[in-house]
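# Descriptive analysis of the structure
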Amino acid sequence: MSIDVTTATAAALAEALADGTTTSTEVTQSYLDRIAGADDQLNAFLHVDAEGALATARAVDARREAGEQLATLAGVPIAVKDLIVTTGQPTTAGSKMLEGWVPPYDATVVTRLREAGLPILGKTNLDEFAMGSSNEHSAYGSARNPWDTTRIPGGSSGGSAAAVAAYEAPLALGTDTGGSIRQPAAMTGIVGVKPTYGGVSRHGVIAMASSLDQVGPMARTVLDAALVHELVAGHDPLDSTSIERPVPAVVEAARRGDVAGLRIGVVRELGGEGFQPGVRAAFDRSVELLVKAGAEVVEVSCPHFSHGIAAYYLVMPSEVSSNLARFDAMRYGLRVMPHDGASAEQVMAASRDAGFGDEVKRRIVLGTYALSSGYYDAYYGSAQKVRTLIARDFEAAFEQVDVLVSPTAPTTAWKLGAKSDDPLSMYLEDVATIPANLAGVPGLSLPVGLADDSGLPVGVQFLAPAMADDRLYNAAAALERLVDMPRLEEIK
Amino acid sequence: MSSSAISRDDVAHLASLARIDLSDDELDRLGAELPAILEHVKVVQQVAGDDVPPMSHPIPVANVFRADVPRPGLTPDEALAGAPASEEQRFLVPQILGEE
């Protein structure tokens, strides 16, 4: 039996590796060849670690040869968003501030990948410090959407999304603060999951907004995403927000995929006006398929979701302004001397001006304002109260239904540059994904087909209560079998 | 207090608090963009009543301590590997205090 290595699912690769049909060295080399051939057009990778990936692959092959019992995904390569720190490879966060920086330790999620024997192909492109919905805020140029390279791949985990969609990697890790896994997954026609807040360790993930950030899997199938989720999730004593409870049974749920009798709520506030007709039509078709598969679908109202963006664009920049204070040009990162004899404070200000891009500066200044004495209660304080109301909307909805559904994003992928001059219009793209981050609940984006109007991928988002991530995988796996999602054959 | 009243001078003050030496062009641009963003987000002031508690963290956890046992940390060389400048196993920084 032969297997087309770069188009096979990770689950199929894992089986082929286990039964000796192929080797990790062969699989890893195939992906490295694919990256070498395609990434000039896609710019999905900021760094490719061919040597390190092949060394891991050879070690796994040797252990398997020796009869060792290995992890399910042992030998299956993965790409890692360049916000997640790695020894032996640079971590830039997509910023000039960290150009060339090689971290002295591994993130917990990276340690888990290494322990399970997954070759790390390299580090993927992102909006600077994960701030953006298009990848255009990367200091190293935008990654491109493999469905149409004149378009954005989404963001901020756009490099991971493009790499998986274009068969440059079977799997990737992303991070999601307001939709940064789910939205690029939707834009590129792949599966992306933001786990429950605290479900996956943030240790070693460069912090953007600590109460919102979460690491999660990106993959071409629901089952593949579940396999990564199960591997990286679970309590970590190095992350004080990590939940000390068993990991939800996501792999079992992804294999089950049965929505008969499942109560599914369509969120009234996440659709309709402002959503592209082709996105709405694809979403409506998906809901019909879920009904045909036996789900009980009702409409539910989450009245405060419409204020999610406003609350998010106060809470997030406030945390950003605090978290990014660590980039002070003293211990690591860029140092710019504005003139001879400059003081530490002058060096700091010059370095932060030179090292940060426009969007990062915009958010730091906005957050500094929201936290200022005299404005704190009116802005940060009020936003935190809206956050409570959004969490209560979720609680009320989940008393009526098991999962919620909505389109993942209001539009399909837009042209590079189309929204660059208007930060607010870019922010509005996050309307459907932000509530989950504010409330800490898990969300999954599933590709459900191409929009009739744009011919580009559309994602449907599933949302579930905290620590019920398995419900996402169950419902999405059921829909995955029924939708008509074409394969991306060639990069246009 | 009107949120849209943020001026270019306010932006300059905020940037100095945030230790970012913004150029004149950047101050002009942020001076125009921030009022538009604040105009949009200030709606939060009208949404929640006084009885709604603020939420700082989505999944409440309390008293998180790990066991107080020593574990290996970074060596001085590892800790200094990314430093812009170092000397005698220390971070070398520009002058912090005045000269007199």
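Predicted model, so just to flag it, every value in this text is computed and none were measured.

Cut-offs and rules
Residues numbered from 1 in each chain as written. Chains lettered and ligands numbered in written order. Predicted model: local features only at pLDDT ≥ 70, side-chain atom pairs only at ≥ 80, totals over all residues. Helix = DSSP H or I, 4+ residues; strand = E, 2+ residues; numbered from the N terminus. Rg over C-alpha atoms; globule rule 2.2 N^0.38 Å. Buried ≥ 20, exposed ≤ 12 C-beta atoms within 10 Å, placed from the backbone. Contact = placed C-beta atoms within 7 Å. UniProt positions renumbered as here; feature names shortened; annotations may be inferred. Nonpolar A, V, L, I, M, F, W, Y, C, P; charged D, E, K, R; others polar. Pairing = 2+ DSSP bridges. Axes fitted to C-alpha atoms, helices over the stretch in contact; angles between N-to-C directions. pLDDT = per-residue confidence, 0-100. Expected span 1.5 Å × (residues − 1). Arc of directions from axis to C-beta.

Within chain A, the secondary structure is distributed over 16 helices and eleven strands. Its C-alpha radius of gyration of 21 Å places chain A within 12% of the 23 Å reference for a compact globule of 492 residues. For the C-alpha atoms alone, the extent of chain A along its principal axes is close to 70 × 55 × 45 Å. Each of the 492 residues in chain A was classed as buried or not, and the buried ones make up 64%. Long-range contacts, defined here as pairs at least 24 residues apart, represent 76% of the contacts in chain A between residues at least 6 apart.

Along chain B, the regular secondary structure elements total three helices and two strands. Ordered by position in the sequence, the α and β elements of chain B form the string α-α-α-β-β. Computed over C-alpha atoms, the radius of gyration of chain B comes to 23 Å, more than 25% over the 13 Å expected from 2.2 N^0.38 for 100 residues, which places it beyond the range of a compact globule. Judged by the C-alpha coordinates and their principal axes, chain B covers about 55 × 45 × 25 Å. Counting across all 100 residues of chain B, residues that qualify as buried make up 17%.

On to the UniProt feature "active site" (unreviewed entry) in chain A. Residues and elements named next belong to chain A. In the numbering adopted here, UniProt assigns the feature "active site" (unreviewed entry) to Lys81, Ser156 and Ser180. The greatest C-alpha distance among the residues just named is 11.0 Å, despite their covering 100 residues of sequence, which places them together in space. Relative to the assigned elements, lysine 81 resides in strand 2 (residues 78–81). In contact with lysine 81, not counting residues within four places along its chain, are Thr124, Leu126, Ser157, Gly159, Ser160, Leu173, Gly174 and Thr175. Following the sequence through the fold, serine 156 ends up in the loop between strand 3 (120–124) and helix 5 (158–165).

Our next topic: the interface of chain A and chain B. In this assembly, 55 residues from chain A lie in contact with 47 residues from chain B. Residue assignment for the side of chain A that touches chain B shows that the elements contributing at least two residues are helix 10 (308–323), helix 11 (344–355), helix 12 (358–370), helix 13 (377–400) and helix 14 (423–427) of chain A. Per-element accounting of the side of chain A that touches chain B gives the leading share, eleven residues, to helix 13 of chain A. Classifying every residue of the side of chain A that touches chain B gives 32 nonpolar, 14 polar and nine charged.

Okay, the pairing of strand 5 (residues 191–194) of chain A next. Residues and elements named next belong to chain A. Residues Val191 and Val193 point to one face of strand 5 and Gly192 and Lys194 to the other, with burial holding for every one of them. Both strand 5 and strand 10 (residues 443–450) contribute to a ladder of three bridges, which runs antiparallel. Within the sheet, the bridge partner assigned to lysine 194 lies in strand 10 and is glycine 443.

Turning our eyes to something else, we now look at the sheet that holds strand 3 of chain A. Residues and elements named next belong to chain A. Pairing in this open sheet of eleven strands is mixed, and the strands run 1-3-2-4-6-5-10-11-9-7-8 from one edge to the other. The sheet is open, and its two borders are formed by strand 1 (45–48) and strand 8 (296–300), each paired with just one other strand. The sheet shows a mean angle of 25 degrees between the axes of neighbouring strands, direction not considered. Packing against the sheet, helix 9 (residues 277–292) makes contact with strand 7 (263–267), strand 8, strand 9 (403–407), strand 10 and strand 11 (457–463), and its axis sits at approximately 50 degrees to strand 11.

In this section: the confidence of the model for chain B. Close reading of the predicted structure is inappropriate where its pLDDT is low. All names here are of chain B. Residues at a pLDDT of 70 or more form 92% of chain B, whose mean pLDDT is 89. Considering each helix and strand of chain B separately, the mean pLDDT is smallest for helix 2 (residues 24–41), with a value of 93, and largest for strand 1 (residues 86–87), with 96. With a pTM of 0.97, the predicted complex shows an ipTM of 0.93.

The next subject is unusual backbone geometry. Residue serine 156 of chain A is bonded to the preceding glycine 155 of chain A through a cis peptide linkage, with omega at 10 degrees. With a phi angle near 55 degrees, alanine 93 of chain A is a residue other than glycine that sits in the positive phi range. Here alanine 93 of chain A lies in the loop between strand 2 and helix 4 (108–116). Its 32 C-beta neighbours within 10 Å are what place alanine 93 of chain A among the buried residues. At glutamate 88 of chain B, a residue that is not glycine, the phi angle is positive and equals roughly 50 degrees. Position of glutamate 88 of chain B relative to the elements: it lies in the loop between strand 1 and strand 2 (90–91).

Residue and element names in this part refer to chain A. Compared with an ideal rise of 1.5 Å per residue, which puts 16 residues at 22 Å, helix 9 spans 23 Å between its outermost C-alpha atoms and is within 8% of the ideal. All of the buried residues along helix 9 are Val279, Ala282, Phe283, Ser286 and Leu290. Mapping the buried residues of helix 9 onto a view down its axis gives an arc of 100 degrees, with all of them on the same face. Those residues of helix 9 that are exposed and aimed more than 90 degrees away from the buried face are Pro277, Glu288 and Lys292.

Another aspect to go through is the environment of arginine 326 of chain A. For arginine 326 of chain A, the position within the fold is in the loop between helix 10 and helix 11. Residues arginine 326 of chain A and valine 347 of chain A lie 21 residues apart in sequence; the distance between their C-alpha atoms is 14 Å.

Right, let's talk about the pairing of strand 9 of chain A for a bit. Residue and element names in this part refer to chain A. Taking burial as the measure, the five residues of strand 9 include five buried ones, the bulk of the element. For strand 7 and strand 9, the ladder comprises three bridges, and the chain directions are parallel. Along strand 9, the bridge assignment pairs valine 266 with valine 405. With four bridges connecting them, strand 9 and strand 11 associate as antiparallel partners. Opposite leucine 404, over in strand 11, you have leucine 463 as the bridge partner.

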